[in-house]
Structure formats: structure tokens, C-alpha cells
Number of protein chains: 2
Amino acid sequence: MSTRNLGRYLPILDWLPGYGRSALASDGMAGLIVAIMLVPQGMAYALLAGLPPEVGLYASIVPLVFYGLLGSSRALAVGPVAIVSLMVATTLGEITEAGSAGYLAGAVLLAFLSGAILLGMGLARLGFLVNFLSHPVISGFSSAAALVIGFAQLKHLLGFDIPRSHHITETLAHAARHIGELNQVTFTIAVTSLIILLLFKSRVALALKSFGVGAATADAVGKAGPLMAVLVTTLAVWFLGLDRSAGVAIVADIPAGLPPLTMPSLDLALVQQLLPAAALIAMVGFLESVSVAKSLASKRRQKIDANQELIALGAANIGASMTGGYPVTGGFSRSLVNFTAGAVTPMASIITAALIAVTVLLLTPLLYFLPKATLAAIIVVAVANLIDLKTLREAWVYNKADAASLVATFVAVLSIGVELGIVFGAALSIALYLWRTSRPHMAEVGRVGQTEHFRNVLRHEVQTDPKVLMVRVDESLYFANTAYLEDQLLARVADHPEIDHLVLIMSAVNFIDASALETLETLADRLHDARVTLHFAEVKGPVMDGLERVAFINRLGNGRVFLSTHEAMRELTSAPRVQVA
Amino acid sequence: MSTRNLGRYLPILDWLPGYGRSALASDGMAGLIVAIMLVPQGMAYALLAGLPPEVGLYASIVPLVFYGLLGSSRALAVGPVAIVSLMVATTLGEITEAGSAGYLAGAVLLAFLSGAILLGMGLARLGFLVNFLSHPVISGFSSAAALVIGFAQLKHLLGFDIPRSHHITETLAHAARHIGELNQVTFTIAVTSLIILLLFKSRVALALKSFGVGAATADAVGKAGPLMAVLVTTLAVWFLGLDRSAGVAIVADIPAGLPPLTMPSLDLALVQQLLPAAALIAMVGFLESVSVAKSLASKRRQKIDANQELIALGAANIGASMTGGYPVTGGFSRSLVNFTAGAVTPMASIITAALIAVTVLLLTPLLYFLPKATLAAIIVVAVANLIDLKTLREAWVYNKADAASLVATFVAVLSIGVELGIVFGAALSIALYLWRTSRPHMAEVGRVGQTEHFRNVLRHEVQTDPKVLMVRVDESLYFANTAYLEDQLLARVADHPEIDHLVLIMSAVNFIDASALETLETLADRLHDARVTLHFAEVKGPVMDGLERVAFINRLGNGRVFLSTHEAMRELTSAPRVQVA
């Protein structure tokens, strides 16, 4: 196998040979910035998933290296992400208690299973499956998941326990009833963190630039909001002893040392129980990852290979499962940071991984006093970006069916849960598509002036012939719309008792399946009985090939196939009335 | 409400007022012939369903009357049918023992539930759902079900017990291993019955006609095969005492008297358990019924209202559940007999019902010595018609995807069972449709001579402009094909680095959903970066309306929408190269 061919499966061979000092400088800076962002985010998402904070760090080492070796995106930053963490929490929350050994083992097994599924799909070249999630469904899903995730942070922000629920109203009602238990110090820390994060997000880079700081430096500092929030609140808790005096929940002891080697449990009953959720985690994770990878690649004219991405993410997740981690994928905001900070190759990710490894080896004592409220604030600010009203507004104006599937997915996620919610949304969008194609638009057409153009009689001033009815069928003909087609055409013929010819204009018919073919034959027979001849015009090449294979035209009796509508009009208008036996 | 409106829900009001003597004569003859056919068939199908033979007769009285009052078909003959009986057997066989009281109660409940589902679907006007079963799926299902049904008769034909299995090979292997237990007398009766049935089916009518007997009489006698087989074999068993001397299994005691009034059990756990099967029985039954009703109605220029059919079949099944019956539907061969024997109104069915009522009241002693082998032979001959190789042959020539879904459904029914088999087939045919539409055909087109016609450059001798690439997209654009569309178009543009304009010809695009709209915007941006302007031509009215609502064209930059491909070619060819910033 040549390097070129091998490069298809090992994209690293494409970029490593020419790797130089300037690329290393760029990647180094990006890798550092992402590491600084990833340490608190990784811990925060692990808490969201119901796991100890170090699991989020473990999931940010080996998976990044594996993705770096195999991924086709140059700038994707892999690691724990919010939605996947939420899905892990809801899956495992149903089978065992958060904090138990079984819970951790379940997370490792989920990583392994979704990794295996991704890898299998990649080898089977099933990347196209992700196309069956429509944009409105993804938008509704993301918005609802963001709300569920955000409200799950309420207990950390307020400092008292609120039972986990995906019903936002329950969470809010519980919080309101127990508001007397508010830990004011925790709440103050949360609010401070939120203010720091929002300031850095919206103002700091702009302010620095206005003071003459270079754009690159200003942007880099602008990304340091989470680091700054962590720094300020950790120091406050430490110096003021707020964990003891005020009961502020902190991260506390994180075991120092590299991630443990873990083996996913092969308990068959558990595998069977987790498999559907693992498949959904794999699909949703792949979707998030491949969308961000594609949008970044297109900015630099690079290509993403969806099947290679499946393989790389599969390997990353299997890597996570071998090193005490949990399911990972390419994160949206993190990858954007990586990209804008200058990452030019996956080396940036490998550098991030090395820095996180150093953190878990040496720096965990520094995180002892980090308040959980700060991590919760980081999550809230991160997921706020996922709430997407723009797509709803546009879909509402453009196409009510898309808006309906967006809203239905949103409501389903909030009412029946994230996993069933997205399945429901996907099924609904497919059902709406089938419904639409099962009732094709049909237009009676006439000739525009003395041209060769034929248009809808209802929309244009056109000429028609009383003996010839011309109907354009605006849909491919397949089993779900054959009955509708037959009913509609017979009704139109009944409305025009004077006609001798019905011409079906097939310019928009891209295929005719066997069910529809049978229906067309029946239709021709029934029209023949009613002394009307069925003709076709503008049949496409591939459709005509199929009809010729079964000698369909011979079964039409006097019916013909015309190259153009114009030709049909000319021939049938001048023709004497065809006598039908 | 006027009679006309009421007539929509009570079709009997359409025909009863003008009902006269000649109609009664026609209907009376048809009703008699169907009754003669239905007595042995009803008992045979009840045995197939694992029920006592009288249940098949009970299901042939009240349901026929209810359908007669409500149905929109003039010639449909409702009652027990083979496939539905098989589905009842497989459903109940999984939860209880054939012959137990629970089994009978389960059959009554299945009739009630499928009746309620049909009625509900009719009131909700969901008749269109049946269109989602494609012809090839139905054909594969019927052929496989016929095999399962036929082989289930082997035990009656051979006279020794063979455990029920839907794996034909198991049934055959068991029969072969135990062939020593063959009851030769039973086997002789079976073969005799088969010979009588086949002779009547193929020869008798022809022979009578050649002897100068009137066609109508000859045809009527030709339908009497089952009656003749019953007569000959019953008399043989009776006179020779074969039930005692040779152990020939007979129908034996059938309780005399009208059907008992029954109440379907409302045991919630059982309802839940039977509901999915009841829904499938309802769908399959409705499908069989409405196909035969439609094909008969079209022969006489009558209309079938699918939703009214749902209501009528729903009432018929609820009627069956109230009178000790089991699920019924309109049968194919029986309806054809009814039609050809001259039925002009549902009065024929009501007459059949009255004759069956007389049979269960008075004539059951005559059926005491009827051998089960004869009933099995009647089933085998009836289901042999369901084996349909013609559709497979045609689909194979016409469209391999249709052939594949036929074969897959056939194999699925034989390997995973009738119910899951048809669900699998339906899902597969929808998946194949989605797969096909997710990879649209695209053709680069050029101008045919000096005409205004544009055709595929690969199929026709055409002129093109090196600066203008014209691509016709042969599919509506929706979420599942947007990624493919984008990849394909970008690849084609990359193959033609010299072009300035890409024109998408939209004559075959019947709608563009929100996901595709977003993709077109991204595509326009990316093409703009590559110094190519994106244009559209021949956008359909309804599609253009949507694009205008969101001012899509304004976002195209220099891109335009042309009325025709010809106009696009003319304008862009003469235009100077558009400068892109």
C-alpha cells in the first residue's frame, strides 16, 4: 500500500512529513489555550454526567491523541461535551446510583460501546446515516438539551440539593419551594463566576484591543474567562475557608497520577441494557463533531471524510474506555477556540493532551478548593449558546412542517427525555417527508403565448385545448402516492368530461417504482374504458430506460410518449379524435 | 342531515330505496353460492386459526350484516380469511394453548381490538396509511404466508401430528422423519379432495360449456368444488365408518344454535399484550379487503371510500367479537365469486349471512363426519393462488430495489414470522425509498442543436459553454440529501476549474426544506469564495413562493433566477465575466 492509500486511514501521514517549526508554534499556542479551557470544562461536564471530576480529565488525554492520529479534521478538539454528558447521566441514572462503582463502570462501558459502534459504522461506511437528522430536529434537540443541562446546574448554583429531573418545571418548583435553603455564599460565588465569564466572553477582547493590545493576544486573553473564574473563586474559598465556614461545595481531593487502565465490563445483560443509549450517544456525538469539523474545514478549503471521522471518534471513545474516561466527541466551542487560536494540525490536540496529563500528574492539589458552583456557571454559559431561536424563526417563515418538527422535538426532549426525544424528532421529520411526498402537487398546465413553455393554468395566462388535459405531476411516483395519484387524476378527468387525451408531464418525476408502474397500467385501462387516451411527455432518461425494459409503452394502447409538452400539444391538437373500441 | 350526507356514513341509503326484484334475484343467487363456499371455508380457516370449526361459521353471520349496512363496496364478501387466521394462530399460539378457554377469549378480544382500531382509523380518516405498504412487500408477504399456511395443513393431510412451526424446513423435516405414522386413509381422502377441487377449478366449467350448458350455470357449478369435496368425503367417512375403523380425524360435534353473545375480556394486561398484533391484523386485513374492493369497484365504475371501508370493517370485527367470532375481513377469492355470481348490492352478503345462520341452527349434524383432511385440502387450494411469482419476475426486470424488498419480506416472514416479517418489509421499503432520494441523480445538461431544449450531456449530442456549468438536480431537496448535493456539486465545480457560473436547473425540484435551504446558502458562499456564481433556472411556482418569503435570492449575491434554462444560457454566455470581490 502506498503512503497515499495508507493516508486515507492514517491522515497523520499527510501532515507529519512536512511538519515544521512554525506549525509547531501555532499548534503549541492553540494546544495551550484549549488545555486551559478544557481543565475546568472537563471537570464540569464530568459532574454533569454524574461522575467524579477527574473522569472528565482522563477523558481529555488518550482520546485526543487517538483522534489526532486518525481524524480527518485539522482543528477538531475532542473531549467531554455537554449533550453527551447529559445523555450519559440520563442513561446511567436509570440503572444505578450516581457515585456508585457500577455507575463509573457503566460510563466506561458506554464509552466502549459507542466507540465500537462508531468504528463499526465507519468501517461499514455508514457515515451518511447522520444525514437523516434534519437541521430543525437538531436545533430543537439542542435547545431543549441546553435547558435540561442548564437547569440541572441549579442545585450547584444555589447550593442545595434538587432531585434530578428532566422536567424543568419540577426542578423550578422544587427550587422555589426550598429557596429558604439557599446557600448565600455559594450563590454569590456562582453569580461572580457568571459575571466574569460573561464579561470575558463579550467585553474583554474588545477592551484590550481598544487599549492597543494586539488582536491575537487580546483574543487569547478573551478565552481565559473560565480560567479567571476558576482562579478568583478558588482563591476566595481557600483564603476565606468558605468550604468549612459556609458549606460551599468544592471539588476537593482529585487522585493524582495518570489515568488508570480500565477494561470495560463484558456483562452481557448490562451490554444489552446500554446498547440503545450507546448507539444514540454515538449518533448525536458524531453529528455534533462532524458538523463542527465540516464548518471549520470549509473555512480553510479542507475536506472532512465522514467515514474516517467515524473511525477516529470510535478509536477516541475506545481509548476513553481503556483509561477510565467516558464518552467523548468533538465539541463545538472548544474546536472553534482551537481553530481561532491557530491550530493547523492535530498536533495541537496532542499538545493539549500532554498538558492535561501534566495537570492530572502534578496540578490536582491546586484544584482542591475549586467550588462546584464555578463549574456549574461554566456549563451554564457554555450551553446558553446552544439555545437557538433563529432557526425556529426562519423555519416558521419558510416552511411550517420544518418549524413543527423543531417544536415537536423540543417538546419531546423536555417531556419524554433526551434520548427518546431525538428518536421521536427524527421519526417525525421522516414521517412528515413521507406525508408530503405521498400527496404530490399536480398542476394543470397550458401554453404561455406562442412560446414552447407550459405553465400552471392557475398561476399564468395560458392557452389550453378543450380535448387535451395536460397535468404536470410534481413528485416521483412510488408506493405511498400511487393511490392519491390515481384518485386525483380520475377526479380531474371526471371534471373534464369532454377530453379525449390526458397527458402526464413527467419533468419532475425522477423515478417510478413497481407499485406506481402497476397503478399507471390500471389507470391507462380505466381511462381507456372512459374513452380517454393516456400519454406521457418529458419522461426523463433514467425513467424511460426502466419503462422500456418492461415494454410499458406497448401496454398504453394508442397512448404515446412525447419528447416535449409542446410536441404533445401540437400532435394531439391537430389529431382527429382517436376512436377507442 | 340530508339523506345524501347520511349516505356517506350509511351507504345502504344509496341502494336500498331503489332496490327491486331483479336485483334481489341476482343477489340471492350470489348469496347462495357464497354461502355454499363459505361453510367449509369458514370452518377450515377457524381450524387454521387453532379455533373450533363453529367459530368460523359464527364469524360469517353478524360481521357480514354489519359490513352490508356500512360498507362502500357492493361486492365485497367479508368473513374469515387465510392470512388473518394465520396471524391469529401465531399471536395466540405464543400466549396460550390452542383449544383452551383463554385461546377462544383471546380470539374474541383480537376481533374486538382490531375492530376498534379500524373504526378509530376510519373516524380519524387514516385510510391513507395503508398506502405505505408497497405492492412488492404485499406480494412477498402473501407468498410467504401462503407457504406457511399450506405447510401448516400437512398434519391434517397426512393424518399425524406435526408441531406448529413457521419454519417450513422444520415442518418438512418432522414430516419426513415420522412418515411411518402416515394415516393412509386420511391421506387418500386428502388426495381425493385435492383432485376434486383442482378439477372443478380448472375443468368443470369448461367441460359443461362444451356440452352446451349455459355459461352462468356452468360457472356457478364450477364454484361448487368445495361443496362436492365435502359431500364425497363426508359420505365416504359416514358409510365406511372411517373415523372409527381408520382413525380419520373428523369435525364431529358442532354445537347447534345461533352464535352465543360474547363480551371481549377487558383484562388490561392481555389487551396490552394483544394490541400490537391486533393493529397488524387490522392493517393487513384492511389492505386485503380494500385492494379487492377497489379492483371489483373499478370493473363497474363504482368508488370505494377507504375511510368508510375502515368504519365498516371495524364494525364487522366488533360484531364478530360480540357473537363468538374472530377477526374477519374481505376475502379475495370469495369476493370474486360473489362478484362473478352476480352480486349487485350488499344484500348478497346479508343473504349469505342468513343462509349461514340457517346452517348453524339446523344443518350442523350433516357436518359431523366431515374429515379435517378435506378442510385442509380446501385451504391448500385456496392459498395456492396467493403464491405470486409474476410480481417478482416483473419487479426483477423493472427495478431491483422493488425485487429486493419483495424477496426480503418473503424471507423475513418465513424466518422471523408473519407479523414481524411484514413490519420489516414495510420498514425496508421505506428505507430503500429514503436511500434512493438521499442520493439524487444529477445531470450536466447542454443545448440540443438550436432548440430551447437542454438534455444530459452524457446521453445527447449537445452544446455547452466552457464558462457555464448547468446541472439538473433530479430530486426534491430535503435534509437527507443536502450533504450529498453539496459534495457532488462542489466536486463537479472542482472538475471544471474554468467555470464562472453554476446554474442549478430546478424543474424536478418539488420542494426545498429548511435544511436544504441552509445548505444552498452555504453552497452559494463557498462557490462565491471560489469565484463561481450560483444561479437557478426553472424554479417551480410553489418552491419560488417559499424562497421569496425568506428573500433567499437577495442572499445569492450576483446570482439570479432564470425562468428557463434557455434564458440562463443566453444571458450568461453573452455576459462578461462577473468580477467577484
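Parameters at a glance
- Residues numbered from 1 in each chain as written.
- Chains lettered and ligands numbered in written order.
- Predicted model: local features only at pLDDT ≥ 70, side-chain atom pairs only at ≥ 80, totals over all residues.
- Heavy atoms only, no water.
- Axes fitted to C-alpha atoms, helices over the stretch in contact; angles between N-to-C directions.
- Helix = DSSP H or I, 4+ residues; strand = E, 2+ residues; numbered from the N terminus.
- Contact = heavy atoms within 4.5 Å.
- Nonpolar A, V, L, I, M, F, W, Y, C, P; charged D, E, K, R; others polar.
- Least-squares fit on C-alpha atoms with pLDDT ≥ 70 in both.
- Buried area = accessible area lost by both parts, 1.4 Å probe.
- Salt bridge = Lys/Arg side-chain N within 4 Å of Asp/Glu carboxyl O.
- Expected span 1.5 Å × (residues − 1).
- Buried < 20%, exposed > 50% of the residue type's maximum accessible area, 1.4 Å probe, protein only.
- Pairing = 2+ DSSP bridges.

Draft legend 1. Geometry of the packing of helix H20 (residues 389–398) of chain A against helix H21 (residues 400–416) of chain A. All names here are of chain A. Where H20 meets H21, the axes come as close as 6 Å, and the angle between the chain directions of the two elements is 145°. Of the residues in H21, those in contact with Thr391, Leu392, Ala395, Trp396, Val397 and Tyr398 of H20 are Lys400, Asp402, Ala403, Leu406 and Val407. Tallied by class, the residues present in the contact of H20 with H21 amount to eight nonpolar, one polar and two charged.

Draft legend 2. Representation of the relation of the copies chain A and chain B within the structure. Mapping chain A onto chain B calls for a rotation angle of 179° and an axial translation of 0.0 Å; the resulting RMSD is 0.1 Å. Taken together, these values place the two copies in the relation of a two-fold axis. The C-alpha atom lying nearest the rotation axis in chain A is that of Ala508 of chain A; the distance is 1.9 Å. Here 100% of the interface residues in chain A have copies in chain B that are interface residues too; the copies meet face to matching face.

Draft legend 3. A look at the interface of chain A and chain B. Listed by partner, the interface residues are 62 residues for chain A and 62 residues for chain B. A per-residue breakdown of the area chain A buries against chain B is headed by Tyr398, Tyr433 and Phe479 of chain A, which together make up 15% of the total. For the interface between chain A and chain B, the tally reads four salt bridges. When the shortest N-O distance is used, the salt bridge between Lys540 of chain A and Asp474 of chain B registers 3.4 Å. When residues of the side of chain A that touches chain B are traced back to their parent elements, those giving at least two are helix H8 (135–152), helix H15 (268–299), H20, helix H22 (418–438), strand S5 (468–474), helix H23 (479–495), helix H24 (514–529) and helix H25 (541–549) of chain A. Per element, the largest residue contribution to the side of chain A that touches chain B is eight residues, and it comes from H22 of chain A. Partitioning the side of chain A that touches chain B into residue classes produces 24 nonpolar, 18 polar and 20 charged.

Draft legend 4. Summary view of helix H6 (residues 82–93) of chain B. Residues and elements named next belong to chain B. The terminal C-alpha atoms of H6 lie 16 Å apart, and with twelve residues this matches the ideal 16 Å at 1.5 Å per residue to within 8%. In terms of residue burial, H6 counts as a mostly covered element, since eleven of its twelve residues are buried. Three or more residues of H6 are buried, namely Ala82, Ile83, Val84, Ser85, Leu86, Met87, Val88, Ala89, Thr90, Thr91 and Leu92.

Draft legend 5. Inspection of helix H8 (residues 135–152) of chain B at higher detail. Its 18 residues give H8 of chain B an end-to-end C-alpha distance of 25 Å, which sits within 8% of 26 Å, the value for a rise of 1.5 Å per residue. Across the 18 residues of H8 of chain B, 13 count as buried, placing the element largely inside the fold.

Draft legend 6. Spatial organisation of the sheet that holds strand S3 (residues 442–447) of chain B. All names here are of chain B. If you trace the six strands from one edge of the open sheet to the other, you get S4-S3-S5-S6-S7-S8, paired in mixed fashion. One side of each edge strand has no neighbouring strand; the edge strands of this open sheet are strand S4 (454–456) and strand S8 (561–562). Across three bridges, S3 lies against strand S5 (residues 468–473) in antiparallel orientation. The residue of S5 that forms the bridge with Glu444 is Val471. Packing of helix H23 (residues 482–495) onto the sheet brings it into contact with S3, S5 and strand S6 (501–505), and relative to S3 it is tilted by some 45°. Across the sheet, helix H24 (residues 514–529) lies against S6 and strand S7 (533–537), angled at about 135° from S7, the strand it touches most.

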